[in-house]
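Examination of the molecular architecture
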Amino acid sequence: MSSQHVKRVDLIFEKIECRDVLKKIVDMEPDAICQELLESDLKGRGGAGFPTGLKWCFTASEKDPVKYIVCNADEGEPGTFKDREILDLVPGKVFCGMAIAGKAIGAKMGYVYLRGEYKFLIPKLNEELKKFHQTMDEFNQNFRIQIRLGSGAYICGEESALFESIEGKRGEPRNKPPYPTKSGLFGKPTVINNVETLVHSVMIMKYGASHFKELGTKDSRGSKVFSISGDTPKAGIYELELGMTVDEFVNDFGDGDTKAVQVGGASGFCVPRKKFEETIIGFEGVPTGGSMKLFNSTRSMYNVLHNYLDFFTEESCGQCTPCRVGCQQLLKGVEAVKRGEKNSKYLDELVKLAKTMKRASKCGLGQSVGNAFGSIVENFKEEIIY
Amino acid sequence: MVNLSINGMLVKVPEGTTILDAAKKMNFRIPTLCHHDDLCVAGNCRVCVVEQLGAKSLVAACASPVSEGMQILTNSLKVRSARKHIIELLLSEHNADCTKCYKNGMCELQNLSNEFAVGDHIFIDLNTIKDYTIDRFSPSIQKDDSKCIRCQRCVRTCEQLQGVNALTVAFKGDHQRITTFEDLSMAEVICTNCGQCINRCPTGALVERTYLDEVWDVILDPTKHVVVQTAPAVRVGLGEELGLEAGSRVTGQMVSALKRLGFDSVLDTDFTADLTIMEEGTELLTRLKKALVDKDPEVALPMTTSCSPGWVKFIEHTFPEYLPNVSTCKSPQQMFGALAKTYYAQVRKLDPKDVVSVSIMPCTAKKYEADRPEMRSSGFKDVDYVLTTRELARMIKQAGVDFNKLKEDKYDSIMGVSSGAAVIFGATGGVMEAALRTAYEIVTGREVPFEGLNITPVRGMEGVRQASVMIEDCKEEWSFLNGVELKCAVAHGLVNARKLMNGVKSGDIEAHFIEVMACPDGCLGGGGQPIPTNEEIRRKRTEAIYAEDMSMEIRKSHENPEIIGIYREFLGEPLGHKSHELLHTHYTKRVRY
Ligand code: SF4
Ligand code: SF4
Ligand code: SF4
Ligand code: SF4
Ligand code: FES
C-alpha cells in the first residue's frame, strides 16, 4: 500500500475579498468569462461532471432576454454536508459565483434553492445578501438574488425537479431535451450550478484558469470538498486534490479495518477493498458529489444495501415506471433472497432489472440506483444471500 | 426538415416531430401508455423507450424530438428487454385480475401485456401489500387505485382539457398515488363528473359507475313500463363500440336494438332538445325584453345554456356569482324524465309509479344530474337510470343481438319525433345554432339568414367562438329588438369555459347568449362515449352529426309536430305554469375543492 498522503487544499474556504473579484468581473466581456471557465476545465461538482464553461457558453448564446442563474443548494445526498459548511462559512463567495455566472450569460436574476433542513442558515444568508446587493448597486450591476426554501424531497436536487419546485409545482423531473440551458426555470435559459461549483468559479476568476489546472488530473481538474463519514476516526469536511486512489484516501481516513468505501453517496458506487488501489476518485474513476462513506468489517453490506434501497424506494418521485416500481422490486427482491424465499439466481434477475432502470429511467435518480445496487451485489454477494 | 433513420430506413420529418410520430410515419408502431394525442407529453411510463445509437440511455419516443442524423432502433435487444421489464413492473404493482375487471378486453395495459407475452412474470406481487379501497361514492365516476398505473393521463385531462384540477399526484416513491384534495371521495370534491378522465384512462382505474344490472332488472320486471330515451350524440358514437368506423350513423339500428332489448318504448331525447329550444329561446327573449324594454337592472345577461351537467356543476363550484345567468331550463334529459312520468304516463294511461325512465347518454355527468335532489318535479325521480353509450353497447352484446345485421327502425311515439336542430345538440355550438334557428324566426317571421339554415360561424373546433346575428324587420311584438346585434359565444371543454367566463367577467367578451359544453367538441366527445377518443375521431363524429341534421325532414324545433302537440295538449305555452313546474330548475353554490 502506498503511504503517500492525500493533498489538502484550501481554496473553497479561503477567506477572500469578493468585492475585488466582482470589481474585476464588472469590466469583463461575458464571453471572456465563459472562455476562462472553459479554459479551466472545471466540471460540475454535483456529481454529473458536466463542463461548467460549456454550460455557461450554451446559455450565453441563447437569444432570450430573460435568463436565470440558479444555485442548487438542495444538498440531499445521504452523507453529504459540505454545501452547508460552504454556505455557513463563505456565503459571500456563493453569491459572488452567481453574479459571475449572471454576468457571463446575461441574467439579472438568481435563485438559491436551499435545502429545507438548512433553514437555520437563512438569517445569516440574508444578512450577507444585503451586503452583496449593496456591492452590486455600487458597481451599477442590475443583478438580484432570492432564496427559495425546499421542503425536503431528495428529488428536488435534480435540476428540472428543482425548477418545478421553485415554480410552485410538484417536484417531478422534466423530460430532456430541452435542457436547462435552453429552457430551464420558468421556461427560460438557465444556468444551474451547485454551491461548490460556483465557489470554484470565483477562485478561477481570481487566480486564473491555469492556476486551477495545476491541481488534479487531466480528467478531473482542481480540488473538491469531501464529506467524510462512517467508520473513520476523522469524519468531517476536507478539501482535497482530485485524482487520488481510494487506497490513498483510505490510508488517510480509514480506521485500518475498512472493507469498502461508498463513493458518491446513495447514488454512487461501492468500492470493495480489493479494488481500492485501482480505483481513482474522479471522473476517470468513480465520480462523486463529495460523499465518502467508509465501512469496516463489522458492517453488514446487506444492511447497507437495504438502507439505500429503502431510501430510493421512498425518495423516487414515482412518476416513471422503471424507478418507482424498480426500486420497490429491488428492495423486496433482496429481502426475499435474504429470507430464502427466492434463490440466489434471483439476484441475477435483479441485476438485469437494475440495468433496465439505468437505461430507461427518466432522470438521474432512477438511472443511478443501479450503481450502489450493482456494486454491492457484485462485490458482496455472500453477504446479501446469507 | 430533419433527416434521421429508423431501423435503418431513412426518413425526413419536420423539426419538432417526436420520434414516436416519425416512426408512425414509417409504419413502425411504438407502444405507448402515458401518451395521449389530446394531452401534453408526460414521458413517464417509459413503455415507448427506443435505442438511439450513441446515446447512453434509452430515450422515450413520445417525449423526444428528432434531431439531425439521429439513428433510432425501435426493436433492438436492449429495447425489447427494457420494454418487457417495464410492462412486468407495471403488472407487479397492478391488481391484474382481468377477468373481474370492467375494462377486460378494452384495456391498453392488457393489450400490451398480451403483445409482449409476459406470462412468465417474475417479479414480486406488490399490489397485495397496498391497502386500496374503491371509491364508489360518486354516482358517475368509479376510481380504483389498485388498477392505476400512474400514467397521469387523468391528471393532465382534468387540468389541461377541463381546468378543474380535481385529480392530482400526491406522495412520492412507493406511496405515489393519484388522488383528490385531502383524499376526499370523488363525490365530495370539485369534480364535475364529466368523465373526460375516464375517456383517457388506459386501464380500469377510472370507469363510469355502471347501472346495467339495475336496468336489466326493470326491463325484465313485467310490472314496470320502461321508457328509454337516447341522446343526440349516442347515434354517432355507438357504432364504434360495436366494431364500426368512427362517425358511423346508426340511429335506425340503435332503435331496433333497444326494442329487442325489451324496452317498452324507445323514444328520443331529441324531442326534449326541441322542447328545450322552445323554453330556452323564450327565456332568452324574455330576458332581452326585460333588459332592453323594461330596463330591469336585475336581469341576468348573458344567459348561458344549462344542458351540460358538467358545465352546470363547474359554474356552481367556480363562478357561483353567475348562477342567475344560467338558463333555468332543465337539460333535455331531465325534461324528458319529468314528462315521461306526467304527460307520457297520462296519455298512455299508466300509473307514473310503474313508469321507469332510462336514458342513454354520451355523458357520465348525466348520472349525477339524474341524482340531483331537485330533479323530482313529477313527484318521482325524473330519470331513474342513466347509461352511457358504452354501457348500451355492452347491453346489446349481452343480449346477443347482432347489431350490424339489424334493420333500421323508427322511434316510437309520443316523444319520439324530433328535428335536425335537436340532433346538432350533440356537437359544440349546436344548441346555439338550434336556438337561433327558432328565435330568429319567432322574432322576424323569417328563416335565419344563413345558407341551408347552417349557421356555420358557431360551428367548428376552436375552444371559444363568437358570432353575432343582426336582428331587423321584427314582427311587431318584438320590435324592441330591431337593430339589436344578438351576440353569442360558444365554448367547449371546461378550460375554455373558464376562459370565456373570465372574458365575460373582465368585459373582454360581450354576449347575450352563451353556450357551454363541458366536453371537448361537445357531447359527441362526452365522457360516456366510446374509447379511444382523439381529435380525428371526434371530427368524424361531428361530420356525422351535421349529416344527420341535413337528412332530417324537419330542421327547426318549433316545426316539430309533437312539440306543437305537447304545448297544445299539455304544457300550454313556453315558460307557462306547467313548464315552469316540470321543466325548470334552480342551482346551488358549491365549495371549491
Ligand atoms: S427516475 Fe425516479 S425520480 Fe426520476 S423521474 Fe423517474 S421516478 Fe422520478
Ligand atoms: S385494468 Fe386492464 S390489465 Fe388491469 S385488471 Fe383491468 S383489464 Fe386487466
Ligand atoms: S370527471 Fe372530469 S372533472 Fe372529474 S376528475 Fe374527471 S376530468 Fe376531472
Ligand atoms: S387513474 Fe387511469 S389515467 Fe389516471 S393515472 Fe391511473 S391509470 Fe392513468
Ligand atoms: S408513452 Fe412514452 S413514456 Fe409513456
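Calculation criteria
- Residues numbered from 1 in each chain as written.
- Chains lettered and ligands numbered in written order.
- Predicted model: local features only at pLDDT ≥ 70, side-chain atom pairs only at ≥ 80, totals over all residues.
- Heavy atoms only, no water.
- Helix = DSSP H or I, 4+ residues; strand = E, 2+ residues; numbered from the N terminus.
- Rg over C-alpha atoms; globule rule 2.2 N^0.38 Å.
- Buried < 20%, exposed > 50% of the residue type's maximum accessible area, 1.4 Å probe, protein only.
- Contact = heavy atoms within 4.5 Å.
- Areas by Shrake-Rupley, 256 points an atom, 1.4 Å probe, with all protein chains shown as cover.
- Lys, Arg positive; Asp, Glu negative; His and termini not counted.
- Charge placed at Lys NZ, Arg CZ, Asp CG, Glu CD.
- Near = heavy atom within 4 Å.
- Nonpolar A, V, L, I, M, F, W, Y, C, P; charged D, E, K, R; others polar.
- Salt bridge = Lys/Arg side-chain N within 4 Å of Asp/Glu carboxyl O.
- Pairing = 2+ DSSP bridges.
- Buried area = accessible area lost by both parts, 1.4 Å probe.
- Polar contact = N/O pair within 3.5 Å; in protein donor to acceptor, adjacent residues only side chain to side chain.
- Axes fitted to C-alpha atoms, helices over the stretch in contact; angles between N-to-C directions.
- pLDDT = per-residue confidence, 0-100.
- Expected span 1.5 Å × (residues − 1).
- Left-handed = near helix turned anticlockwise from the far one by under 90°.
- Phe/Tyr/Trp six-rings, centres within 6.5 Å; stacked < 30°, edge-to-face > 60°.
- Lys NZ or Arg CZ within 6 Å of the ring centre and 35° of its normal.

All right, on to the overall build of chain A then. In terms of regular secondary structure, chain A is built from 15 helices and 9 strands. For a compact globule of 386 residues, the expected C-alpha radius of gyration is about 21 Å, and chain A comes in at 21 Å, within 12% of that figure. Seen through its principal axes, chain A has C-alpha atoms that stretch 70 × 50 × 35 Å. Looking at chain A as a whole, 61% of its 386 residues qualify as buried. Pairs at least 24 residues apart make up 73% of the contacts formed inside chain A by residues separated by at least 6 positions. Of the roughly 14800 Å² that chain A leaves accessible, carbon and sulfur atoms contribute 49%. Side-chain charges in chain A split into 53 positive and 52 negative, and the spacing between the mean points of these groups amounts to 4 Å.

A word on the overall build of chain B. Each helix and strand counted, chain B has 19 helices and 18 strands in total. Taking 2.2 N^0.38 as the reference for a compact globule, 593 residues should give roughly 25 Å; the C-alpha atoms of chain B span a radius of gyration of 25 Å, in line with that estimate. Counting all 593 residues of chain B, 64% fall into the buried class. Taken as a whole, chain B presents about 22400 Å² of accessible surface, with 51% of it coming from carbon and sulfur. In chain B, the 69 positive side-chain charges and the 79 negative ones have mean positions that sit 4 Å from each other.

Moving on to the site of ligand 4. Inspection of the region around ligand 4 gives 13 residues, with B:Cys148, B:Cys151, B:Gln152, B:Cys154 and B:Cys201 positioned closest. Taken together, the residues that form the shell around ligand 4 break down as 9 nonpolar, 2 polar and 2 charged.

With that settled, consider the pattern of salt bridges. Counted by the stated rule, this structure contains 74 salt bridges over all chains. A salt bridge links A:Glu315 to B:Lys172; the nearest nitrogen and oxygen atoms lie 3.3 Å apart. Of the two residues, A:Glu315 sits in helix 11 (residues 301-315) while B:Lys172 sits in the loop between strand 8 (168-170) and strand 9 (177-179), which places them in two different chains. Residue classification places A:Glu315 among the buried residues on the basis of a relative accessible area of 11%. Two residues, A:Arg324 and B:Glu93, come together in a salt bridge whose shortest N-O distance is 3.0 Å. Here the residue A:Arg324 occupies a position in helix 12 (residues 321-339), and B:Glu93 occupies one in the loop between helix 2 (77-92) and helix 3 (108-115), the pair thus bridging two chains. B:Glu93 shares its class with A:Arg324; the two are buried.

Let's shift gears to the pairing of strand 11 (residues 225-230) of chain B. Successive residues of a regular strand alternate their side chains across the two faces of the sheet. Residue and element names in this part refer to chain B. Most of strand 11 is tucked away: 6 of the 6 residues are buried. Across the two faces of strand 11 the burial is the same, with His 225, Val 227 and Gln 229 and Val 226, Val 228 and Thr 230 all buried. In terms of strand pairing, strand 11 meets strand 14 (residues 355-361) through 6 bridges, oriented parallel. Residue pairing for strand 14: Thr 230 is matched across the bridge by Ile 360. Pairing of strand 11 with strand 12 (residues 265-268) involves 4 bridges; the strand directions are parallel. For Gln 229, the partnering residue across the bridge sits in strand 12 and is Leu 267.

On the side of chain A, 35 residues touch chain B, which itself brings 36 residues to the contact. Taken over both partners, the interface formed by chain B and chain A buries close to 2800 Å², and the fraction arising from carbon and sulfur atoms is 56%. Looking only at chain B, the three residues that lose the most surface to chain A are B:Leu89, B:Ile124 and B:Lys172, adding up to 21% of its buried area. The interface formed by chain B and chain A includes 2 salt bridges. Our count for the contact surface shared by chain B and chain A stands at 18 residue pairs in polar contact (both at pLDDT 80 or more). For the side of chain B that touches chain A, the secondary-structure elements that each account for two or more residues are helix 2 and strand 8 of chain B. If you tally residues by element for the side of chain B that touches chain A, the top one is helix 2 of chain B, at 8 residues. Of the residues in the side of chain B that touches chain A, the class split is 20 nonpolar, 9 polar and 7 charged.

Looking now at the side chain of A:Lys82. All names here are of chain A. Examined against the element boundaries, Lys 82 turns out to sit in helix 4 (residues 82-89). By relative accessible area, which is 1% here, Lys 82 ends up buried. Each residue touching Lys 82, except ones within four places of it in the same chain, is listed here: Arg 45, Glu 75, Asn 194, Glu 196, Lys 224, Val 225, Ser 227, Ile 237, Gly 289 and Gly 290.

As a general point, the strands of a sheet are linked pairwise by backbone hydrogen bonds and lie either parallel or antiparallel. Residue and element names in this part refer to chain B. Read across the open sheet, the 4 strands follow the order 12-11-14-15; overall the sheet is parallel. Every other strand in the sheet has two partners, leaving strand 12 and strand 15 (385-388) as the edge strands with one partner each. Sheet twist, expressed as the mean angle between neighbouring strand axes with direction ignored, is 25°. Across the sheet, helix 9 (residues 269-292) touches strand 11, strand 12 and strand 14, and the angle it forms with strand 12 is around 35°. On top of the sheet, helix 13 (residues 389-398) reaches strand 14 and strand 15; it is set at about 85° to strand 15, its chief contact.

As a further point, take the confidence of the model for chain B. On average, residues of chain B score 96 in pLDDT, and 100% of them are at 70 or above. As scored by the predictor, the complex reaches a pTM of 0.96 and an ipTM of 0.95.

This next bit is on the site of ligand 3. Around ligand 3 lies a shell formed by B:Ile141, B:Cys158, B:Val164, B:Ala166, B:Leu167, B:Met186, B:Cys191, B:Thr192, B:Asn193, B:Cys194, B:Gly195 and B:Cys197. Taken together, the residues of the shell around ligand 3 sort by class into 9 nonpolar, 3 polar and no charged.

Another point: helix 12 of chain A. Residues and elements named next belong to chain A. Between its first and last C-alpha atoms helix 12 spans 26 Å; for 19 residues at 1.5 Å apiece the expected length is 27 Å, and the two agree. Taken across its 19 residues, helix 12 has 16 buried, putting it largely inside the fold. Directly after helix 12, the chain includes Gly 340, whose backbone phi takes a positive value near 85°.

Turning our eyes to something else, we now look at the side chain of B:Asn199. Mapped onto the fold, B:Asn199 is located in helix 5 (residues 196-200). Apart from residues lying up to four places away in sequence, B:Asn199 is in contact with B:Arg390, B:Gly525, B:Gly526, B:Gly527, B:Gly528, B:Gln529, B:Ile531 and B:Thr533.

What follows concerns the sheet that holds strand 5 (residues 70-73) of chain B. Residue and element names in this part refer to chain B. What the 5 strands build is an open sheet, ordered 2-1-5-3-4; its pairing is mixed. Because the sheet does not close on itself, it has two edges, and the strands there are strand 2 (9-13) and strand 4 (59-60). Pairing of strand 3 (residues 49-52) with strand 5 involves 2 bridges; the strand directions are antiparallel. Paired with Glu 51 across the strands is Leu 73, a residue of strand 5. Across the sheet, helix 2 is in contact with strand 3 and strand 5; its angle to strand 3 comes to roughly 160°.

Turning to the pairing of strand 1 (residues 68-73) of chain A, a few remarks are in order. Residues and elements named next belong to chain A. With 6 of its 6 residues buried, strand 1 lies for the most part within the structure. Burial along strand 1 is two-sided: the residues Tyr 68, Val 70 and Asn 72 and Ile 69, Cys 71 and Ala 73 are all buried. Pairing geometry for strand 1 and strand 2 (residues 109-114), over 6 bridges, is parallel. Within the sheet, the bridge partner assigned to Ala 73 lies in strand 2 and is Leu 114. Relative to strand 4 (residues 190-194), strand 1 runs parallel, the two sharing 5 bridges. What sits directly across from Ile 69, in strand 4, is Val 191.

With that settled, consider the packing of helix 9 of chain B against helix 15 (residues 430-444) of chain B. Residues and elements named next belong to chain B. Packing of helix 9 against helix 15 leaves a shortest axis separation of 9 Å and a crossing angle of 65°. Helix 15 is crossed by helix 9, and the crossing has right-handed handedness. Between helix 9 and helix 15, the residues in contact are Ile 277, Met 278, Glu 280 and Leu 285 and Val 431, Ala 434, Ala 435, Thr 438, Ile 442 and Val 443, respectively. Its residues assigned to classes, the contact of helix 9 with helix 15 comprises 8 nonpolar, 1 polar and 1 charged.

So, about the packing of aromatic side chains. Aromatic rings considered in pairs are described by the distance between their centres and by the relative angle of their planes. The full count for this structure, using the stated rule, is 17 aromatic pairs over all chains. Look at A:Phe132 and A:Phe143: their rings are 6.5 Å apart centre to centre, the planes differ by 85°, and that puts the pair in the edge-to-face class. Highlighted residues: A:Phe132 in helix 6 (residues 122-138) and A:Phe143 in the loop between helix 6 and strand 3 (144-149), separated in sequence by 11 residues. In this pair, the class of A:Phe132 matches that of A:Phe143, namely buried. Cluster of aromatic residues (ring-pair linked, three or more members): B:Trp311, B:Phe314, B:Phe319 and B:Tyr322. Its end group placed over the ring of A:Tyr302, A:Lys338 keeps NZ or CZ at 4.6 Å from the ring centre. In this arrangement the basic side chain of B:Lys313 is found over the ring face of B:Tyr368, its NZ or CZ atom lying 5.4 Å from the centre.

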